[in-house]
Amino acid sequence: MISQPRINIRTPDVMSHVQAQVEKHYRSELVETIRAQGGVLQSGKTTVRLAKQFGFCYGVERAIDLAYAAGKVFAGRRIFLLGEIIHNPDVNAQIEALGIRYLPAKPSAAELESLTPDDVIIVPAFGAEVKTIEAVKSHGCHVVDTTCGDVMSVWKRVRQNATERVTSIIHGKASHEETRATASRALGIDGLGHFLIVLNLEDANRVANFLVQGGDTDAFLKYFANATSPGFDPRLHLQRIGVANQTTMLRSETDAIQNLLREAISNRDAGSTAHFRYFDTICGATQERQDSLFQLLQESLDILIVVGGYNSSNTTHLVEIGMEKLPTWFIRNATCIESADQIRHYDLIAKSEIVTTGWLPPHEHLTIGITAGASCPNNLIEETIHRILELRGE
Ligand code: SF4
C-alpha cells in the first residue's frame, strides 16, 4: 500500500472560501426568517408550518464542507466521489459542477485500475466498504474521508461484536451504502465475524421464529439472500446476537425489532438474555427530525410536504410518519409541484415517481406542513414555499 502524506484541507482560508460557497448554494434567508418567528409563515389565506428540526444535519454539513474543501485544495487533480456524497440529487449536481467526478460506491476492477497516486477519493458521509477503501489506498490515492462520526460509532459496535463472536443483526436496507459499509466492519479484523441484515419487522419475525423453532436453513438463506455474511449458517451463527441499526431508521420499528429478538432469545434460552445485546445507533439528527415531525403533526394541517432525495432513508421514514396521519407528498424539489392541480411525487408503495391530480385541497384557508430529511438544503425548502404561495396567488 502506498501511503500518502497527511494534508490538512480545513485551513482557515480554505474554510472561509468553502463557507461562502456553501452558503451561496444552500442557504435560505426565508427559512431562517420563518424559523426565527417560530416556524410559521402566514401569507394571506395560506399558513406554512415548518417542523422545528429539518434539513441538513451536522454529518451532512461536514461532508459537504470537506467535499468543497477538497475541490479547492486539490484543484487540477482528478477528484472522485465514491457514490453520492449524500442522497440528494440537487446537492450531488452542485458537487459535480465543482469538477468532482463520480465513481460507483463499489468500483469495478477496471475503474480501480485506472486510479493513480495523484487522484483524490472522497468517501461520502455514509462511509464505504472496507475492501473498497483498501483498494483505493492500494493505488496510492489521497483519501478525504467524510464518514459521519455517528456511522463510525455503529462500526465500533459491530467490530466489537465480531471480536466476541457475536453476530450483528443490522436493522437497515441491504443495498444502502451505510449498511453495506457497516456490514463489512461486522466481519471483524480477521474476516470471520458474521452479520444478518433485516429490513423490517417481517424480516425480524423470520429470525425470531428461527431462533425459537429452528426451520429450513436453505429457505432461510434464500429469503435473506444478499443480506448475510459469507458462510452464514443460521443454526450456528444466531447463537449470540447483537442488534445495531443503520443510523437513519424509523425509531419505532427499531425498538419493535430489538424487543422481538430479545424475547425470542429469552424464549430459546429458558428466560436468559445473556446471548442478546442491543445498541441504539439511531443518530441524534434522525431522532430529532422524527420527533419534530410528530410535534408538527399535533397541529391542524391540511397536507404535509416532505422534501428530499427519493433514495434518502431518513427522508423516507419522515414520509411514512406523515402518511399515517394526513395526505403527504414526497417531492424532490419545487419543480415537482407542476400546478395547483398536479404534483409529481414519489410513491413509497409503487416505489417510483408518479403524477397525481387534485393534490392541493381547494379550501379557502389552507395550512401546509413542511419538513425535509437530513440531506435536503434549505434553498429547496424556500423554493417549495415560493411555489406554493405562487399557486395560491399569495
Ligand atoms: S443522518 Fe445522522 S448518521 Fe447520517 S450524516 Fe446525518 S448525523 Fe450522520
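Counting of residues starts from 1 at the beginning of each chain's written sequence and follows it residue by residue. Totals for whole chains, interfaces and linings use all residues, but because this is a predicted model, local features are given only for residues with pLDDT of at least 70 and pairs of side-chain atoms are given and counted only at 80 or more.

### Concerning the sheet that holds strand β9 (residues 241–245)
Strand-to-strand pairing in sheets goes through backbone hydrogen bonds, with the strands running parallel or antiparallel.
Then comes step 1: Only when DSSP finds a minimum of two bridges between them are two strands counted as paired. Helical segments are the DSSP runs of H or I of at least four residues, strand segments are the runs of E of at least two, and each set is numbered from the N terminus. Taken in spatial order, the 4 strands line up as β8-β7-β9-β10 in an open sheet, and their pairing is parallel. Each edge of the open sheet is held by one strand with a lone partner, namely β8 (195–198) and β10 (276–278). The mean inter-strand angle of the sheet, taken between neighbouring strand axes irrespective of direction, is 20 degrees.
Then comes step 2: Bridge count for strand β7 (residues 167–171) against β9 is 5 bridges, and the pairing is parallel. Residue pairing for β9: Ile-169 is matched across the bridge by Val-243. Axis definition: a line fitted to C-alpha atoms, limited for helices to the stretch in contact. Angles are taken between N-to-C directions and run from 0 to 180 degrees.

### Here we look at the packing of helix α9 (residues 201–213) against helix α12 (residues 251–268)
Between two packed helices, the angle of one axis relative to the other and the distance separating the axes together describe the packing.
Then comes step 1: The N-to-C vectors of α9 and α12 enclose an angle of 5 degrees; their axes lie 9 Å apart at closest approach. The pairing of α9 with α12 is recorded here as roughly parallel in orientation. Contacts between α9 and α12 involve Leu-201, Ala-204, Asn-205, Val-207, Ala-208, Leu-211 and Val-212 from the first element and Glu-253, Ala-256, Ile-257, Leu-260, Leu-261, Ala-264, Ile-265, Asn-267 and Arg-268 from the second. Orientation categories follow fixed angle ranges, with anything under 35 degrees roughly parallel, anything over 145 roughly antiparallel, 65 to 115 roughly perpendicular, and all other angles oblique. C-beta atoms are placed from the backbone for every residue, and two residues are taken to be in contact when these atoms lie within 7 Å.

### Topic: the pairing of β8
Successive side chains on a regular strand alternate, one facing one side of the sheet and the next facing the other.
Then comes step 1: The two faces of β8 match: Phe-195 and Ile-197 on one face and Leu-196 and Val-198 on the other face are all buried.
Then comes step 2: Sheet topology note: the β7/β8 ladder contains 4 bridges and is parallel. Residue pairing in the sheet places Ser-168 in a bridge with Phe-195 of β8.
Then comes step 3: Seen with its strands pointing away from the viewer, a crossover is right-handed when the path leading from the first strand over the helix to the second is clockwise. Taken together, β7, helix α8 (residues 177–186) and β8 form a β-α-β motif whose crossover is right-handed. Here exposure depends only on C-beta density: within 10 Å of a residue's C-beta, 20 or more other C-beta atoms make it buried, 12 or fewer make it exposed, and intermediate numbers make it partly exposed, the C-beta atoms being placed from the backbone.

### Some details on the nonpolar core
Then comes step 1: When buried Ala, Val, Leu, Ile, Met, Phe, Trp, Tyr and Cys residues are joined through C-beta atoms within 7 Å, the set is termed a nonpolar core. Counting 77 residues, the largest nonpolar core has Ala-67, Ala-70, Ile-85, Ile-122, Val-207 and Leu-261 as its most contacted members.
Then comes step 2: The element that contributes the greatest number of residues to this core is helix α3 (residues 58–73), accounting for 8 residues.
Then comes step 3: With near-sequence residues (within four places) excluded, Leu-261 lies in contact with Ile-169, Ala-204, Val-207, Ala-208, Ile-241, Val-243 and Phe-276.

### Here's the deal with the domain arrangement of the chain
Then comes step 1: The domain limits used here are those given by an automatic or database domain assignment. Per the domain assignment, the segments making up the chain are domain 1 (27–56 + 284–391), domain 2 (59–148) and domain 3 (150–278).
Then comes step 2: A C-alpha centroid distance of 29 Å is found between domain 2 and domain 3.
Then comes step 3: At the junction of the two partners, domain 2 supplies 12 residues and domain 3 supplies 9 residues.
Then comes step 4: Gly is put with the polar residues, along with every residue not named as nonpolar or charged; the nonpolar set is Ala, Val, Leu, Ile, Met, Phe, Trp, Tyr, Cys and Pro, and the charged set is Asp, Glu, Lys and Arg. Counted by class, the side of domain 2 that touches domain 3 contains 6 nonpolar, 4 polar and 2 charged residues.

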